[in-house]
Amino acid sequence: MSERAPWLARLALRLLPRPHGEYVRGDLEEGYAERRATRGPFRARLWFWRQTVGTLGAFLRAWALDRGARDWPVGIVKGARSLARSPGFLVISSTTLALGIGSVTAMFTVFEQVVLRPLPVQDQDGVVVAWNHHIVRDISHYPFLWGGYRAVAEGVPALEKVAAVPSAGSSEVLARVAENGHAPDELLRQSPVLGDFFGVLGAKPALGRTLRPEDDRAGAERVAVISYDLWTRAWGQGSDVLNAVLTLADEAHRVVGVMPRGFDFPRHTDVWVAMRPSYVDRGLGDLYIEADLVGRLAAGASADQVAAEITALYRADAEMAAYEGAVPVVTPLAVVILGDLRTTLLLLFGGGVLVLLMACVNVANLVGVRAADREAWVGVRRALGASRWRLAGDALSEAAWLGALGGLGGAFVAAAAIFVLVPLAPESLPRMALVTPPDTRALAVTIVVSAAVVLLLTVLPVLRAFRADPALALGGGGRAVAGRRGSGKGGVVVAQAALAVWCAAVGVLLLRSLLNLHALDPGFRVDDLVLVDLIVPYGFGELPADFPDRLDAIGARLERHPGVEAVTPMLGPPMIGDRGWMFVPRLEGQTQDEAIDANPMPNWEIVQPGYFEALELPVRRGRPLTSADVAGARQVVVVNEAAARALWPGEEPLGRRLGAFGQFAADGEWWTVVGVAADARYQSLLETRPVVYFPLRQIAHFPLGHLALRVTGPVPDLLTRVRDAVGAEDPSLRVKSASSLQAHLDAPLARPRFAVLVLGVLAVTTLLLAGIGVYGVMAAAVRSRTPEMGVRMACGASPGHVRSRLLGRGLLLAGLGGLFGVLAVLPGAALLESLLFGVAPSDPWSLAGGVVLVLAVALVACWVPAERAARLDPARVLRIG
Amino acid sequence: MRRSLGEFELLLLFAVLRLAPEECYGARITREIEARSGREVSAGAVYTALDRLQRRGLVASREGEGTPVRGGRRKKYYRLEPEGAAHLRESWGRVRSMAEGLGAELERAGRPAIDEGGQR
């Protein structure tokens, strides 16, 4: 929290007139500093707010008293009474304002709590997270290995302290939470961290202590720090959590601390443990890690400086060959945590502001119409000696009531919107679960916005009151035939249409982007495919020799059930992208170094015979892998088209050979490409990753953790049947869950869908407001031009002519507004671009779609008044006109 | 007889009288009133009222220097003018002469007496 007084209050105090503003603000800053020191920041902030409101009130009162207003309470009551006499106006205006103020408050609440509120770490701007963008291998998120971590920790002066977290984020581990063993084992997400992770972040525990550097030593006691959620879930927030035993993958850990609510890095972590004591040496070299670095910037250093120093390190150190062709990506922690959510929320906040603007334009228009209707009455009052300030006071009083009602309604609308929308937000959105209903800060925004609305709404009637000439009002009461009174309202229609088009066009763009995502061809048949998650107790290279046979037996057993057509084990989970299970292939004629330097990194997929048939993934050329591809036979692989393109551009892949390194394959061991499969969007939805398919029996180190089941429809008790089959064939395996593959492919769509939902609601609201606004303007125009229409019709104009004249005018204004709206979308294009897939922000069809939507609404809104005008009886109009 | 002072104006003039000239600016006046009368007053009320008093010639003001804690903003110092002192004496005299000898009565007044108990 900043040491300064509340910024919103300071902003409000800027309204004070000179020269007093300076003295008062100085005094209040002084008083705030004093109170903060003696009574604490909370009381001081409260005091500052009270003072702000009181001071603004006192100045306003003095200002009005100077101008002859003597009767505030009377004026306030009078405003309420005069509003109550036009209930229609009151209801429409205050509801419209409530919608506008509510939208802004709701969007501000979410934006403030998710984006602006500081993370539970010390000085978050000083924390950066680093990984690499491997340009040569086209990997956007290439981790640091042990050597790289050590080199950066020692050789980058711009970083004061460095720790590391797993590059793939938190990972699942089988855990026993209750000591008595009655509770079943459950899966928790753990993050083994390297170095002084909590020290780098400056994160304080909610209970107990965090991990210390001395916990991260080989042979140290195994201790664990748990998340607030796990503490709540498993210990009911009891203090007996400290020193409790938490068993992670059969190793007992002592719980030493609990992190505060909202501390969620790496994402979804339940347990943080020190990496070294739990490190399993699988003979992969010094300490095999794939890590993202977390660093605290040295005083005065920047993220760019860190990136430059790491790059220099790569150049200087011969051991950094693995990073040849890689560029370090150094990003502030807050950006890593929020990702593109910031942009989405900014966009939605913009949408909320638009709704408010529309609401204000609408209500200002209604107030204007009301003032016009009462022009004669105002003239009478002026003639009777009411001062202009008195009349202005009346207008202010009415506006204040509208603002108060709108603000109150807005607070409810905001609370309701958050209550409904936040639970709909996909789980993948960071920090969204922390959002609570509007708090004091959001309500302060509501109040300030409402006050601004009140001032805005007062301006127009006040101007009228000042212009009102008593003689004119009493003498020449409105018998003009073709008054130009309606014409000034054209601007309102244009503004409304422009705002509505912006919202509608952005909504259409997001919708098209979402449809594009939906329309992506996954490359294999996703329907009727169920993915079962297994818990495999073996690590890489620890498999029993008959593991492939056991998987086959499980498959055969399941395929005997009616409704299950085919079963095939799989290695990687869906949507893993470039963050795991990848390798550097070696091509014939390449040395190891050349391969590391030059080759792209495909994903592994380790398969059993029948894989391509079960997934209905077409093999375009050559053959699929079969039961003949066993150990001892010629070693073969199938590559997908993306891998073929990347490894042998423009050449024939069939018959080519590739190898692998290190623990994966012996030197001189080769696999021959016998087939080319179609690209499948299994690893990533937005791009087609290169994939190499190996037969499990020829590279039997991989703990395949998934089963894909092709079913003919819903299978009753599927999970139980899978459990039975797995238990019967390999009791060491456990079944975690089963879900449709479609659900996995839908997960990346959850965010765009949510954005479309919220923006859709805002767009519909703006369209509705635009409709009401256009209707109001056109109805008023028709009323004021009734005599003119009567004359026209008497002179021979047909009803159709009158109707089309009015409709034409409305649509022309709306179209002009639409043009402005479209122009306003373009500057935000760069911002939008990152949220769109397969559609450009300037996509003419989407923009046109937005304009057409608004024109349609305008047409409907104009139709009723135009129809009314067309039905006028000229004789009657002229008699009473 | 001069136009009498309101209660708040009375408090203000006493505060100005009490504070040393180099202490007599908005924040200190506000704090003084708060500390002595137990009444929290807004800075805005203090300034608008002092402005009124200045226009009536009861106080005078001069501009002072800024300090870091004020964000460099200047202070406005007030002092009592002879006219203000006369007003204050008169108002206070009226209050005091009305209150004279009523200390014990004031303490008792408004408290329910035994014989009135049933009627209240």
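Relevant structure appears above.
Residues numbered from 1 in each chain as written. Chains lettered and ligands numbered in written order. Predicted model: local features only at pLDDT ≥ 70, side-chain atom pairs only at ≥ 80, totals over all residues. Heavy atoms only, no water.

Chemist: Provide a residue-level description of the overall build of chain B, including the pertinent values.
Modeler: Along its length, chain B carries 5 helices and 2 strands. Order of helices (α) and strands (β) in chain B, N terminus to C terminus: α-α-α-β-β-α-α. By residue count, 39% of the 120 residues in chain B fall in the buried class. When the accessible surface of chain B is summed, it comes to about 7300 Å², and 52% of that surface belongs to carbon and sulfur atoms. (Helix = DSSP H or I, 4+ residues; strand = E, 2+ residues; numbered from the N terminus. Buried < 20%, exposed > 50% of the residue type's maximum accessible area, 1.4 Å probe, protein only. Areas by Shrake-Rupley, 256 points an atom, 1.4 Å probe, with all protein chains shown as cover.)

Chemist: Now, about the side chain of Thr 96 of chain A: what can you tell me, with residues and values included?
Modeler: Considering the arrangement of structural elements, one finds Thr 96 of chain A in helix α5 (residues 87-116). Beyond its immediate chain neighbours, meaning those up to four positions away, Thr 96 of chain A contacts Ala 359, Asn 362, Val 363 and Leu 769 of chain A. (Contact = heavy atoms within 4.5 Å.)

Chemist: So what about a nonpolar patch on the surface? Which residues, and what values?
Modeler: Residue and element names in this part refer to chain A. A contiguous nonpolar surface patch, about 500 Å² in accessible area, is contributed by Phe 419, Val 420, Leu 424, Leu 757 and Val 761. Elements supplying a minimum of two residues to the nonpolar patch: α13 (388-421) and α23 (750-784). Positionally, Leu 757 belongs in helix α23. (Patch = residues over 30% accessible without salt bridge, like charges linked within 9 Å, V, L, I, M, F, W, Y side chains within 5 Å. Salt bridge = Lys/Arg side-chain N within 4 Å of Asp/Glu carboxyl O.)

Chemist: Report on the pattern of salt bridges, specifying residues and quantitative values.
Modeler: Per the counting criterion, the structure on display carries 44 salt bridges over all chains. Note that Asp 264 of chain A and Arg 267 of chain A form a salt bridge whose closest N and O atoms lie 3.6 Å from each other. For Arg 267 of chain A, a relative accessible area of 25% translates into the label partly exposed. Salt-bridge contacts for Arg 623 of chain A lead to Asp 629 of chain A; the nearest nitrogen and oxygen are separated by 3.0 Å. Accessibility expressed as a relative area gives 29% for Arg 623 of chain A, which makes it partly exposed. Under the relative-accessibility criterion, Asp 629 of chain A is labelled buried at 7%. Taken together, the shared-partner salt bridges in this structure form one network comprising Asp 27 and Glu 30 of chain A together with Glu 23, Arg 28 and Arg 70 of chain B.

Chemist: Quick rundown of the packing of aromatic side chains? Include the residues and the values.
Modeler: Residues and elements named next belong to chain A. A complete count under the given rule lists 27 aromatic pairs over all chains for this structure. Judged by centre distance (6.2 Å) and plane angle (80°), the rings of Tyr 142 and Tyr 323 are edge-to-face. Highlighted residues: Tyr 142 in strand β2 (residues 139-142) and Tyr 323 in the loop between α9 (303-316) and β12 (326-332), separated in sequence by 181 residues. Exposure remark for Tyr 142: the relative accessible area of 7% places this residue in the buried category. The class for Tyr 323 is buried, based on a relative accessible area of 4%. Among the aromatic residues, those joined into a cluster by ring pairs are Phe 197, Phe 198, Phe 263, Phe 265 and Trp 272. (Phe/Tyr/Trp six-rings, centres within 6.5 Å; stacked < 30°, edge-to-face > 60°.)

Chemist: Lay out the packing of helix α16 (residues 490-519) of chain A against α23 of chain A in plain terms, naming residues and giving numbers.
Modeler: Residue and element names in this part refer to chain A. Orientation of α16 relative to α23, taken along the N-to-C sense of each, is 155°, at an axis distance of 8 Å. With respect to α23, the element α16 is oriented roughly antiparallel. Judged by the twist between their axes, the crossing of α16 over α23 is left-handed. Partitioned by chemical class, the residues of the contact of α16 with α23 number 21 nonpolar, 5 polar and 1 charged. (Axes fitted to C-alpha atoms, helices over the stretch in contact; angles between N-to-C directions. Parallel < 35°, antiparallel > 145°, perpendicular 65-115°, else oblique. Left-handed = near helix turned anticlockwise from the far one by under 90°. Nonpolar A, V, L, I, M, F, W, Y, C, P; charged D, E, K, R; others polar.)

Chemist: Hey, could you go over the nonpolar core for me, with residue numbers and the actual values?
Modeler: All names here are of chain A. Val 114, Leu 345, Leu 510 and Leu 806 are the most contacted members of the largest nonpolar core, which totals 74 residues. Listing elements by their share of this core, those giving two or more residues are α5, α11 (341-373), α13, α16, α23, α24 (786-794), α25 (799-825) and α27 (844-870). At 15 residues, α16 tops the list of elements feeding residues into this core. If near-sequence neighbours (up to four positions away) are discounted, Leu 510 is found in contact with Leu 347, Ala 755, Val 756, Leu 759, Leu 835 and Leu 836. (Core = buried A, V, L, I, M, F, W, Y, C linked by side-chain atoms within 4.5 Å.)

Chemist: So, empty space enclosed by the protein: which residues are in play, and what are the values?
Modeler: Enumeration over the complete set of coordinates arrives at 8 cavities of 30 Å³ or more. Taken as a whole, the largest cavity encloses approximately 120 Å³ of empty space. Lining the largest cavity are 13 residues, and of these Gly 31, Arg 35 and Trp 47 of chain A together with Ala 27 and Thr 30 of chain B lie nearest its centre. When residues of the lining of the largest cavity are traced back to their parent elements, those giving at least two are α2 (20-39) and α3 (41-66) of chain A together with α2 (26-37) of chain B. Grouping the constituent residues of the lining of the largest cavity by class yields 4 nonpolar, 3 polar and 6 charged. (1 Å grid on protein atoms, 1.4 Å probe; cavity = no way out; pocket = protein on both sides within 12 Å on 5 of 7 lines; lining within 4 Å. Points joined across faces, edges and corners; volume = space filled by probe spheres on them.)

Chemist: Could you give an account of the environment of Phe 48 of chain A, naming the residues involved and the relevant values?
Modeler: All names here are of chain A. In this fold, Phe 48 is placed in helix α3. Residue Phe 48 is classed as buried on the basis of its relative accessible area of 1%. On a C-alpha basis, the gap between Phe 48 and Gly 31 in space is 8.3 Å, while along the polypeptide they are 17 residues apart. Ignoring anything within four residues of it in the chain, the contact list for Phe 48 reads Ala 5, Pro 6, Ala 9, Arg 10, Leu 13, Leu 28, Glu 29 and Tyr 32.

Chemist: Could you give an account of helix α8 (residues 228-235) of chain A, with specific residues and numbers?
Modeler: Residue and element names in this part refer to chain A. Every buried residue of α8 is listed here: Leu 230, Trp 231 and Trp 235. Taken around the axis of α8, the buried residues stretch over an arc of 105°, which confines them to a single face. Looking at the buried positions of α8, the neighbouring elements they touch are β5 (186-193), β6 (207-208), β7 (223-226), β8 (245-248), β9 (251-258) and β10 (271-274). Once α8 finishes, Gly 236 follows within two positions and takes phi at roughly 55°, a positive value. (Arc of directions from axis to C-beta.)

Chemist: Got a sec to walk through the sheet that holds strand β13 (residues 529-535) of chain A? Specific residues and values, please.
Modeler: All names here are of chain A. The antiparallel open sheet is built from 4 strands, whose spatial order is β14-β22-β13-β23. Strands with a single pairing partner mark the edges of an open sheet, and in this sheet they are β14 (564-570) and β23 (734-740). Across this sheet, the average inter-strand angle for adjacent strands is 20°, counted without regard to direction. Summarising the sheet, β13 and β23 pair through 6 bridges and their orientation is antiparallel. Considered in β23, the bridge of Leu 534 is made with Val 735. Each of β14 and β22 (706-711) is contacted by helix α17 (residues 547-559), which is oriented at about 160° to β14, the strand it contacts most. Across the face of the sheet, helix α21 (residues 718-729) comes into contact with β13, β14, β22 and β23 while running at roughly 145° to β23. (Pairing = 2+ DSSP bridges.)

Chemist: Just give me the short version of unusual backbone geometry, but keep the residues and values in it.
Modeler: Residue and element names in this part refer to chain A. In this model, Arg 18 is joined to Pro 19 through a cis peptide bond whose omega is -10°. Inspection of the secondary structure puts Pro 19 in the loop between α1 (7-13) and α2. In this model, Phe 265 is joined to Pro 266 through a cis peptide bond whose omega is -10°. With respect to the helices and strands, the residue Pro 266 is situated in the loop between β9 and β10. Residues other than glycine seldom take positive phi values, yet His 268 does so here, at roughly 65°. Tracing the chain through its elements places His 268 in the loop between β9 and β10. By relative accessible area, which is 32% here, His 268 ends up partly exposed.

Chemist: So, the interface of chain A and chain B: which residues are in play, and what are the values?
Modeler: At the junction of the two partners, chain A supplies 22 residues and chain B supplies 24 residues. Buried surface at the junction of chain A and chain B, summed over both partners, amounts to about 2100 Å²; 47% is from carbon and sulfur atoms. In terms of surface lost to chain B, no three residues of chain A exceed Tyr 23, Asp 27 and Glu 30 of chain A, which account for 30% of the buried area on that side. Where chain A meets chain B, there are 7 salt bridges. Note that Arg 35 of chain A is salt-bridged to Glu 34 of chain B, the shortest N-O span being 3.1 Å. At the surface where chain A touches chain B, the tally comes to 15 residue pairs in polar contact (both at pLDDT 80 or more). Those elements giving two or more residues to the side of chain A that touches chain B turn out to be α2 and α3 of chain A. Looking at the side of chain A that touches chain B residue by residue, the class counts come to 8 nonpolar, 5 polar and 9 charged. (Buried area = accessible area lost by both parts, 1.4 Å probe. Polar contact = N/O pair within 3.5 Å; in protein donor to acceptor, adjacent residues only side chain to side chain.)

Chemist: How would you sum up α2 of chain A? Please name residues and give values.
Modeler: Compared with the 28 Å implied by 1.5 Å per residue over 20 residues, the 27 Å span of α2 of chain A between its first and last C-alpha is a close match. Directly after α2 of chain A, the chain includes Gly 40 of chain A, whose backbone phi takes a positive value near 95°. (Expected span 1.5 Å × (residues − 1).)

Chemist: Describe the packing of α2 of chain A against helix α3 (residues 43-55) of chain B, and please don't skip the residues or the numbers.
Modeler: It is at 10 Å that the axes of α2 of chain A and α3 of chain B come closest, and there the two elements cross at 140°. It follows from the interaxial angle that α2 of chain A and α3 of chain B lie oblique. With respect to the hand of their crossing, α2 of chain A and α3 of chain B are arranged in right-handed fashion. Within the contact between the two elements, α2 of chain A uses His 20, Tyr 23, Val 24, Asp 27 and Leu 28 of chain A and α3 of chain B uses Ala 43, Tyr 47 and Asp 51 of chain B. The residue inventory of the contact of α2 of chain A with α3 of chain B, partitioned by class, reads 5 nonpolar, 1 polar and 2 charged.

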